[in-house]
Amino acid sequence: MTPTAIAFLGLGNMGGPMAANLVRAGYRVMGFDPSEDACAAAREAGIGIAPAHEAVAQAAVVVTMLPSGRHLLSALTDMLPHLSPGSLLVDCSTIDVDSARAAHALATEGGHLGLDAPVSGGVGGARAATLTFMVGGSGAALERGRPVLEAMGQRIVHCGAGGAGQAAKICNNMLLGISMIGVAEAFVLAERLGLSHQALFDVASTSSGQCWSLTSYCPVPGPVPTSPANDGYRPGFAAALMLKDLRLAADAATATGSPTPLGAAAERLYAAFVAAGEGGTDFSGIVRHLRDDGVTE
Ligand code: NAD
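Residues numbered from 1 in each chain as written. Predicted model: local features only at pLDDT ≥ 70, side-chain atom pairs only at ≥ 80, totals over all residues. Heavy atoms only, no water.

Student: I'd love a proper account of unusual backbone geometry, names of residues and values included.
Tutor: Note the cis peptide between P235 and G236, where omega equals 15 degrees. In this fold, G236 is placed in the loop between α10 (212–215) and α11 (239–256). We note that A129 has phi near 60 degrees; this positive angle belongs to a residue other than glycine. Turning to its location among the elements, A129 is positioned in the loop between α6 (122–128) and β8 (131–136). For A129, a relative accessible area of 19% puts it in the buried group. Non-glycine residue Y233 carries a positive phi angle of around 60 degrees. Structurally, Y233 can be placed in the loop between α10 and α11. Given the relative accessible area of 7%, Y233 is considered buried. (Helix = DSSP H or I, 4+ residues; strand = E, 2+ residues; numbered from the N terminus. Buried < 20%, exposed > 50% of the residue type's maximum accessible area, 1.4 Å probe, protein only.)

Below is the structure:
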């Protein structure tokens, strides 16, 4: 039987390894990316390279992994006339909820099915096919897309109708940014009180201060040996991407009139961290910024 043909647009740090996992799972994958380097790496992984309109014309499923909602809507508008009837469009980028809903509307008007399926798990999860997908769209669209998502990830959560996946991603990452700053502040205060990192960790990790930013991704070296703090704050999840997600959360909060004072403070702190040249540093490195009194509040 001919394997399902998939078009994959956006073969960058995330999309490249995700598309490679589709090839490994037996799919025939045609991809496109304006970056020559991304195309060269994709070819090595067995992905065919073609102009976007050619790649999507042959595909039953189109996966996109792009920088922003603007990129997605422009790519969608270009590809729509070339799609086979009844295609499934799966967008895995992290974008604003309004653009995600607009993409669903474009897909539906064109007679296609759509899913917004942003991910958590980062580049490591993309390589290891252990991503979590937060999915918005109809049950029918998800059932059709499930085998494709399963080839790239480990966990699929159906969050609701179109846009719900992006809403979940934005809310989760705003919470993550806030909690990381909270944990980092606690360590800096502990340092100045003469309390060791390990002592604070031993108490907070088994007490009411417990959270993922502390127990899985501890921002100081020592207590969690696998955290980026033990590796010079090499990402992981870069501060520039955290800032992008906090800005999406701030825009969503403004659009819905939602009070998110801590989300806004987290956005300001990460903006200052990135402006200090730390955009490529892991987001847990914010502890250094706090410790150095690089606080702009
Ligand atoms: P990236 O910049 O490495 O990749 C994006 C790719 O899209 C680039 O190679 C770019 O050339 C390509 N592109 C731009 N316009 C295009 C078009 N019209 N058609 C085809 N390709 C096009 O970024 P990334 O780290 O792979 O992130 C991709 C998305 O995943 C972003 O929305 C990001 O927020 C999200 N994300 C990233 C991570 C991470 O850890 N890197 C984690 C979760 C989510």
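Student: Please give an account of the pairing of strand β6 (residues 113–116) that cites residues and values.
Tutor: Looking at chain direction, strand β5 (residues 88–91) and β6 are connected through 4 bridges and run parallel. Across the sheet, L89 pairs through a bridge with G114, a residue of β6. Assessed by its sense of winding, the connection that carries the chain from β5 through helix α5 (residues 97–109) to β6 is right-handed. (Pairing = 2+ DSSP bridges. Right-handed = clockwise from strand over helix to strand, strands pointing away.)

Student: Can you break down the nonpolar core residue by residue, with the values?
Tutor: The nonpolar side chains of a soluble globular protein tend to be buried, and buried together. One finds I181, F187, L214, M242, Y270, F283 and I286 to be the most contacted residues of the largest nonpolar core, which totals 37 residues. Where this core is concerned, the elements lending two or more residues are α8 (164–192), α9 (197–204), α11, α12 (261–278) and α13 (286–291). A per-element tally of this core places α8 first, with 10 residues. Every residue in contact with L214, bar those within four places of it in the chain, is listed here: V183, F187, F201, A204, S205, G209 and V224. (Core = buried A, V, L, I, M, F, W, Y, C linked by side-chain atoms within 4.5 Å. Contact = heavy atoms within 4.5 Å.)

Student: Could you give me a rundown of the site of the ligand, with the residues and numbers involved?
Tutor: Taken together, 21 residues surround the ligand, and among them N13, M14, D33, L66 and K244 come closest. Residue T94 places a main-chain N or O atom 3.0 Å away from an oxygen atom belonging to the ligand. For the ligand, the accessible surface in isolation is 830 Å², of which the surrounding protein chains cover 82%. Classifying every residue of the shell around the ligand by side-chain character gives 11 nonpolar, 7 polar and 3 charged. (Near = heavy atom within 4 Å. Polar contact = N/O pair within 3.5 Å; in protein donor to acceptor, adjacent residues only side chain to side chain. Areas by Shrake-Rupley, 256 points an atom, 1.4 Å probe, with all protein chains shown as cover. Nonpolar A, V, L, I, M, F, W, Y, C, P; charged D, E, K, R; others polar.)

Student: Help me get a handle on a nonpolar patch on the surface, residues and values and all.
Tutor: Taken together, L189, L193 and L195 make up a surface patch of nonpolar side chains, about 310 Å² in accessible area. Along the chain, the position of L195 falls in the loop between α8 and α9. Residue L195 is classed as partly exposed on the basis of its relative accessible area of 39%. (Patch = residues over 30% accessible without salt bridge, like charges linked within 9 Å, V, L, I, M, F, W, Y side chains within 5 Å. Salt bridge = Lys/Arg side-chain N within 4 Å of Asp/Glu carboxyl O.)

Student: I'd like a description of the environment of Q210, backed by residues and values.
Tutor: Tracing the chain through its elements places Q210 in the loop between α9 and α10. Separated by 27 residues in the primary sequence, Q210 and V183 have C-alpha atoms spaced 9.2 Å apart. Those residues in contact with Q210 that lie beyond four places of it in its chain are A204, S205 and T215.

Student: Can you explain the environment of R247? Please cite residues and give values.
Tutor: Looking at the secondary structure, you find R247 in helix α11. Sequence spacing of R247 and L76 is 171 residues, and the spatial spacing of their C-alpha atoms is 23 Å. Setting aside chain neighbours within four positions, we find R247 in contact with E267 and A271.

Student: How would you sum up empty space enclosed by the protein? Please name residues and give values.
Tutor: For the structure on display, the rule yields 1 cavity of 30 Å³ or more. Taken as a whole, the largest cavity encloses approximately 150 Å³ of empty space. For the lining of the largest cavity, the secondary-structure elements that each account for two or more residues are β4 (61–64), α4 (69–79), β5, α5 and β6. Considering each element in turn, the lining of the largest cavity owes the most residues, 4 residues, to α5. (1 Å grid on protein atoms, 1.4 Å probe; cavity = no way out; pocket = protein on both sides within 12 Å on 5 of 7 lines; lining within 4 Å. Points joined across faces, edges and corners; volume = space filled by probe spheres on them.)

Student: Quick rundown of the pairing of strand β2 (residues 28–32)? Include the residues and the values.
Tutor: Sheet topology note: the strand β1 (residues 5–9)/β2 ladder contains 5 bridges and is parallel. Paired with A5 across the two strands is R28, which belongs to β2. Following the backbone out of β1, through helix α1 (residues 15–24) and into the adjacent parallel β2, one traces a crossover that is right-handed. Here β2 runs beside strand β3 (residues 48–49); their pairing, made up of 2 bridges, is parallel.

Student: Can you explain the packing of aromatic side chains? Please cite residues and give values.
Tutor: Per the stated rule, a full pass over the model turns up 5 aromatic pairs. Ring geometry for F237 versus F283: centroids 5.6 Å apart, planes at 75 degrees, classification edge-to-face. In this pair, F237 sits in the loop between α10 and α11 while F283 sits in the loop between α12 and α13, placing the two residues 46 residues apart along the sequence. On the basis of relative accessible area, F283 is assigned to the buried category, the value being 1%. Measuring from centroid to centroid gives 6.4 Å for Y270 and F273, while their planes differ by 75 degrees, and the two rings are edge-to-face. (Phe/Tyr/Trp six-rings, centres within 6.5 Å; stacked < 30°, edge-to-face > 60°.)

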